[in-house]
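# Observations on the three-dimensional arrangement
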Amino acid sequence: MVDQRNIMSDATSRERTKQTEEELNNWLPITANREAKWWYSAFHNVTAMVGAGVLGLPYAMSQLGWVPGIIGITLSWLITLYTLWQLVELHEDVPGKRFDRYPELGEHAFGPKLGYWIVMPQQLAVQVATNIVYMVTGGKSLKKTWDLMIPHLANVRKTYFILIFAAVQLCLSQIPNFNSLKAISLLAAVMSFSYSAIACVTCIIFGVKNHHVSTPSYAVRGKTTAGIIFDVFNAIGTIAFSFAGHSVVLEIQATIPSTPEKPSTKPMWKGVVVAYLIVALCYFPVAIAGFWAYGNAVEDDVLISLEHPPWLISLANFMVFLHVVGSWQVFAMPVFDMLEAYLVKNLNFTPGTPLRIIGRSGYVVITAFIGICIPFFGGLLGFFGGLIFAPISYFIPCIMWQILRKPKRWSFHWFACWISNVLGVFIMVLSPIGGTREIVLSFKSYKFFS
């Protein structure tokens, strides 16, 4: 009789725990709303992918040269499209169960404890690093807009513009869930395509007008053997940073409805394909036109190189500002989800508006402070691109695919996974070295809060 009561008590406890988990999932920002359409996936992925990275591609080309630069961007496009497909397929690897968050899929592939600690720290580092870089990008782009439109007040510090960007994020961070971001994400996606087009066309116009006067040098940027090697490492990281959407792809897919008859895989993949075609239309023209126009004198943010016509370049920089406003939120939403889940589960906070205001505002302030302290765009791309973006985008999806789907030796997927693994580890190990050097060189002429 006692055993039967214990069994009933355990069953009741499990039922309550399950009910509590469901209630929490219905409140957390990733899983609160599952009514997204396939085209939401398209512009969420464009917003996540086409950002600060595209503006650094001409600079990466100047560090690598024509042929290695184009090969590097092409290989990254192909490999990351393949690994993104793997994540989309693995989202519902177990019938009737969805892995809504990257760490959940990690637990499924590597085991409950090991999997969480393999994936969670890296995903969190990707989100936080992206938000820091976008704080810098938003402030830098807004300052460029200001300088071009009001040149007699061009001595205003960049720090103030980063603070303006942070203030906007303080307001937007109270948006309750991922699916509620759709309008902001759509605007950001349109802005990313628009400023990429402006950057490409303006670079071509500049090149046509100026190449008959002086032809830019297309030799690699580095002057010494050591300088060239470090530049190559940094360029690899910059390219890796520009393909960073993998850290939010499962969370984006979690917003799409799924049934046994109509799983989320098909609409999600449809959106990814559209997004990657747009990525190609942005990345290759900007990288090629920017390097062709300026050669190895191009800035680490190609829009900074452009000066004329002032109103158009000002508009493009303001578009960058609007884009990273939305993109910052796309990358921050999984952090908010993780933070709020921890506060409710581990610290017994009550789900609600006060929790969101305190937790999310604190995160905005921290990323803004770090961005103000180290606003080195080129170095940050290279450093973060290799150290934490390469695992998430290049080889962790392949390792999980090998564990869960076990591709046959010498098959296409076997070869593709191993190629991605080797290249991903190569990027992870080498590119932070180049990024660190860029940051060190920038520090020599930098004054804090300038």
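Refer to the structure presented above.
Read on for a plain summary of the structure. None of the values given here were measured: they were computed from a predicted structure. Residue positions are counted from 1 within each chain, in the order its sequence is given. With pLDDT at 70 or above as the cut-off, local features in this predicted model cover only qualifying residues; side-chain atom pairs require 80 or more to be listed or tallied, and sums for whole chains, interfaces and linings still use all residues. Note that the side-chain values use all heavy atoms of the structure and ignore hydrogens as well as water.

Salt bridges, as used here, are contacts in which a Lys or Arg side-chain nitrogen is within 4 Å of a carboxyl oxygen on Asp or Glu. This model, assessed by the stated rule, comprises eight salt bridges. Residue arginine 101 pairs with aspartate 337 through a salt bridge whose shortest N-O separation is 2.6 Å. Of this pair, arginine 101 sits in the loop between α4 (66-90) and α5 (102-110) while aspartate 337 sits in helix α13 (residues 310-345), placing them 236 residues apart in sequence. Judged on exposure class, the residue arginine 101 and its partner aspartate 337 are both buried. By sharing partners, the salt bridges in this structure join Arg34, Arg98 and Asp100 into a single network. A helix here means a DSSP run of H or I that spans at least four residues, while a strand means a run of E at least two residues long, and both kinds are numbered starting from the N terminus. Think of it in three bands: residues with accessible area under 20% of the maximum for their type are buried, residues over 50% are exposed, and the middle band is partly exposed, with areas taken using a 1.4 Å probe on protein chains only.

The next point concerns the packing of helix α6 (residues 112-149) against α13. Lines fitted to C-alpha atoms define the axes here, with helix axes fitted over just the stretch in contact, and angles between the N-to-C directions of these axes take values from 0 to 180 degrees. Following both chains from N to C, one finds α6 and α13 inclined at 155°, their axes separated by 8 Å at the closest point. Accordingly, the angle class assigned to the pair α6 and α13 is roughly antiparallel. Note on packing geometry: the crossing formed by α6 with α13 is left-handed. Residue classes in the contact of α6 with α13 are distributed as 20 nonpolar, 11 polar and one charged. Working rule for angles: under 35 degrees goes down as roughly parallel, over 145 as roughly antiparallel, 65 to 115 as roughly perpendicular, anything else as oblique. If you view the pair so one helix is near and one far, a crossing is left-handed when the near helix is turned anticlockwise from the far one by less than a right angle, and right-handed when it is turned clockwise. Following the grouping adopted for this structure description, the nonpolar residues are Ala, Val, Leu, Ile, Met, Phe, Trp, Tyr, Cys and Pro, the charged ones are Asp, Glu, Lys and Arg, and the polar ones are all others, Gly among them.

Further remarks concern unusual backbone geometry. Even without being glycine, lysine 406 reaches a positive phi, approximately 45°. Residue placement: lysine 406 occurs in the loop between α15 (377-405) and α16 (412-443). At tryptophan 410, a position not held by glycine, the phi torsion is positive, near 75°. Tracing the chain through its elements places tryptophan 410 in the loop between α15 and α16. What makes tryptophan 410 exposed here is its relative accessible area of 57%.

Turning to its location among the elements, serine 327 is positioned in helix α13. A relative accessible area of 0% places serine 327 in the buried class. The residues touching serine 327, leaving out its near neighbours within four places in the chain, are Thr47, Ala48, Tyr134 and Ala188. Residues count as neighbours in contact if any of their non-hydrogen atoms are within 4.5 Å of one another.

Attention now goes to the side chain of lysine 143. Within the fold, lysine 143 resides in helix α6. If we ignore the near neighbours within four places in the chain, the residues touching lysine 143 are Ala154, Val156, Lys158 and Phe161.

Let us look at the packing of aromatic side chains. Note on aromatic contacts: the rings of Phe and Tyr and the six-membered ring of Trp form a pair at centre separations within 6.5 Å, being stacked when their planes are under 30 degrees apart, edge-to-face when over 60 apart, and tilted otherwise. All told, the structure shown has 19 aromatic pairs when counted by the stated rule. With a centroid separation of 6.1 Å and 80° between ring planes, the pair formed by tryptophan 39 and tyrosine 40 is classed as edge-to-face. Overall, the relative accessible area of 15% leaves tyrosine 40 in the buried class. Members of the aromatic cluster, connected to one another through ring pairs, are Trp38, Trp39, Tyr40 and Phe43.

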